[in-house]
Amino acid sequence: QQQVKQSPQSLIVQKGGISIINCAYENTAFDYFPWYQQFPGKGPALLIAIRPDVSEKKEGRFTISFNKSAKQFSLHIMDSQPGDSATYFCAASGAPGSGNTGKLIFGQGTTLQVKP
Amino acid sequence: DAGVTQSPTHLIKTRGQQVTLRCSPISGHKSVSWYQQVLGQGPQFIFQYYEKEERGRGNFPDRFSARQFPNYSSELNVNALLLGDSALYLCASSPVQNSGANVLTFGAGSRLTVL
């Protein structure tokens with residue numbers, strides 16, 4: 001119940017294409033779903049996040065789609081650029097009193113390579 | 001403004017030794033969390049401290065301990081090191097105890113290699 005499962009493990013996309021990364025969770029107490037981007041030698045940096053009361057959130061080229069009934073959420077990167085090449089992690093955390101407050105449960109990560 | 005700073009950036013220890021990792025949060029941030037990131041995996045939660053008190057602990061053995069100081073900086077200690085402790089140790093800070101909506105800002109991490 002504590003896991004967040006992420007796929008695919010790796011992804012290669014041509015410049016200008018759409019990158020799609022999927023995550024699934026089991027714990028219905030989760031109420032915050034961020035995506036983090038990590039470059040080699042750096043810590044993860046928050047990219048975009050969503051709460052379960054909305055089905056989609058868009059920030060620039062990055063969109064989160066959220067399906068509460070399926071307990072799934074995904075990251076779409078439109079017009080992918082070589083500079084987007086990084087490892088992406090989905091994560092989840094819980095509402096106050098849920099026992100999961102204060103910690104993020106991360107997926108296994110997706111290594112994205114955008115070819116010029 | 002300085003982000004989350006961690007030291008040392010890299011260190012090598014041998015099995016059985018002890019290590020102390022340090023973290024300075026963003027100015028004004030009172031909550032510090034520690035995560036372990038094994039190569040090729042996502043970060044795993046170790047501890048959260050808020051206002052100098054432990055507010056959460058992940059599934060790690062008692063060899064792992066931490067503390068937070070009055071200036072909100074933090075130390076992570078690992079005793080009796082095992083080969084499996086080799087990882088990137090990440091510190092993250094947030095303004096308040098995470099309610100599920102607060103942004104965690106991560107440092108660049110301390111890379112620990114245990115030989």
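Here the structure is a predicted model, which means the values were calculated and not measured. (Residues numbered from 1 in each chain as written. Chains lettered and ligands numbered in written order. Predicted model: local features only at pLDDT ≥ 70, side-chain atom pairs only at ≥ 80, totals over all residues. Heavy atoms only, no water.)

Looking at the overall build of chain A
Using the following cut-off: In DSSP terms, a helix is any run of H or I states spanning at least four residues, a strand is any run of E spanning at least two, and both are numbered starting from the N terminus. The size measure is the radius of gyration over C-alpha atoms, and the globule rule it meets is 2.2 Å times the number of residues to the 0.38 power. Burial here depends on accessible area, computed with a 1.4 Å probe over protein chains only, as a share of the maximum for the residue type. Under 20% is buried, over 50% is exposed, and the range in between is partly exposed. Contacts are residue-level and defined by heavy atoms, with any inter-residue pair within 4.5 Å sufficient. Note on areas: Shrake-Rupley with a 1.4 Å probe; residue coverage comes only from the protein chains shown. In this tally, Asp and Glu contribute negative charge and Lys and Arg positive charge; neither His nor the terminal groups of the chain are included. Where a charge lies is defined by one atom per residue type, namely NZ (Lys), CZ (Arg), CG (Asp) and CD (Glu).
What chain A contains, in helices and strands, is zero helices and 11 strands. Going from N to C terminus, chain A has its helices and strands arranged as β-β-β-β-β-β-β-β-β-β-β. Radius of gyration (C-alpha) of chain A: 14 Å, near the 13 Å computed for a compact globule of 116 residues. Its C-alpha atoms give chain A principal-axis dimensions of about 45 × 30 × 20 Å. Looking at chain A as a whole, 46% of its 116 residues qualify as buried. Here the contacts in chain A between residues at least 6 apart in sequence split such that 55% fall between residues at least 24 apart. Looking at chain A as shown, the accessible area adds up to about 5500 Å², and 50% of this sits on carbon and sulfur atoms. Taking the average place of the 11 positive charges on the side chains of chain A and the average place of its 7 negative ones, the gap between the two points comes to 5 Å.

Describing the nonpolar core
All names here are of chain A. Put simply, the test is: Residues belong to a common nonpolar core when they are buried Ala, Val, Leu, Ile, Met, Phe, Trp, Tyr or Cys residues joined through side-chain atoms within 4.5 Å.
Ranked by internal contacts, the top residues of the largest apolar core, which has 25 residues, are Val4, Phe33, Trp35, Phe73, Leu75 and Tyr88. Of all the elements in the fold, those that place two or more residues in this core are strand S2 (10-14), strand S3 (19-25), strand S4 (30-38), strand S5 (45-50), strand S7 (62-67), strand S8 (72-77), strand S9 (86-94) and strand S11 (110-115). A total of four residues in this core trace back to one element, the largest contributor, which is S9. Not counting residues within four places of it along the chain, the set of residues in contact with Val4 comprises Cys23, Ala24, Tyr25, Phe30, Phe73, Cys90, Ala92, Ile105, Phe106, Gly107 and Gln108.

Description of the sheet that holds strand S6 (residues 56-59) of chain A
Residue and element names in this part refer to chain A. We count it as follows: Strands were regarded as paired on the criterion that DSSP finds at least two bridges between them. In this analysis an axis means a line fitted to C-alpha atoms, helices contributing only their contacting stretch, and an angle means the value between N-to-C directions, from 0 to 180 degrees.
Overall, antiparallel pairing links the five strands, which are arranged S1-S3-S8-S7-S6 in an open sheet. Edge positions in the sheet fall to strand S1 (4-7) and S6, since each of these pairs with one other strand and no more. Averaged over all pairs of adjacent strands, the angle between strand axes in this sheet comes to 15°, irrespective of strand direction. The pairing of S3 with S8 spans six bridges and is classified as antiparallel. The residue of S8 that forms the bridge with Ile20 is His76.

What about the packing of aromatic side chains?
Residue and element names in this part refer to chain A. Rule in force here: Pairs were defined over the aromatic rings of Phe, Tyr and Trp, the Trp ring being its six-membered one, requiring ring centres within 6.5 Å. Orientation was assigned from the angle between planes: stacked under 30 degrees, edge-to-face over 60, tilted for the rest.
Per the stated rule, a full pass over the model turns up 17 aromatic pairs over all chains. Between Phe66 and Phe73, the ring centres sit 6.2 Å apart and the planes meet at 35°, which makes this aromatic pair tilted. Its relative accessible area of 7% is what places Phe66 among the buried residues. Grouping aromatic residues by their ring pairs yields a cluster made of Tyr25, Phe30, Phe33, Trp35, Phe66 and Phe73.

Description of the sheet that holds strand S3 (residues 19-24) of chain B
All names here are of chain B. An order of S1-S3-S8-S7 is seen for the four strands of this open sheet, with the pairing classed as antiparallel. Two strands in the sheet have a free side with no partner beyond their single neighbour: strand S1 (5-7) and strand S7 (64-68). Geometrically, the sheet is characterised by an average inter-axis angle of 15° between neighbouring strands, direction not taken into account. Pairing geometry for S3 and strand S8 (residues 74-78), over five bridges, is antiparallel. Within S8, the position partnered with Val19 by the bridge is Val78.

What to know about the confidence of the model for chain A
This is how it is decided: pLDDT is defined as a per-residue confidence score from the predictor, taking values between 0 and 100.
Summary statistics for chain A give a mean pLDDT of 91 and a share of 91% for residues scoring 70 or more. Ranking the helices and strands of chain A by mean pLDDT puts S8 of chain A first, with 98, and strand S10 (residues 105-106) of chain A last, with 92.

Quick word on the state of the cysteines
Spelled out, the test is: The disulfide definition used here is simple: a pair of cysteine sulfur atoms within 2.5 Å.
Inspection of the entire model under this criterion finds two disulfides over all chains. One disulfide in the model links Cys23 of chain A with Cys90 of chain A; its S-S distance is 1.8 Å. With the S-S bond torsion at -90°, the cross-link from Cys23 of chain A to Cys90 of chain A turns out left-handed. Residue Cys23 of chain A is found in strand S3, and its partner Cys90 of chain A is found in strand S9; the two are separated by 67 residues along the sequence. With respect to class, Cys23 of chain A is no different from Cys90 of chain A; both count as buried. Disulfide partner of Cys23 of chain B: Cys91 of chain B, at an S-S distance of 1.8 Å. The sign of the -65° torsion about the S-S bond sets the Cys23 of chain B-Cys91 of chain B disulfide as left-handed. With Cys23 of chain B in strand S3 and Cys91 of chain B in strand S9 (residues 87-94), this residue pair connects regions lying 68 residues apart in the sequence. Residues Cys23 of chain B and Cys91 of chain B agree in their burial class; the two are buried.

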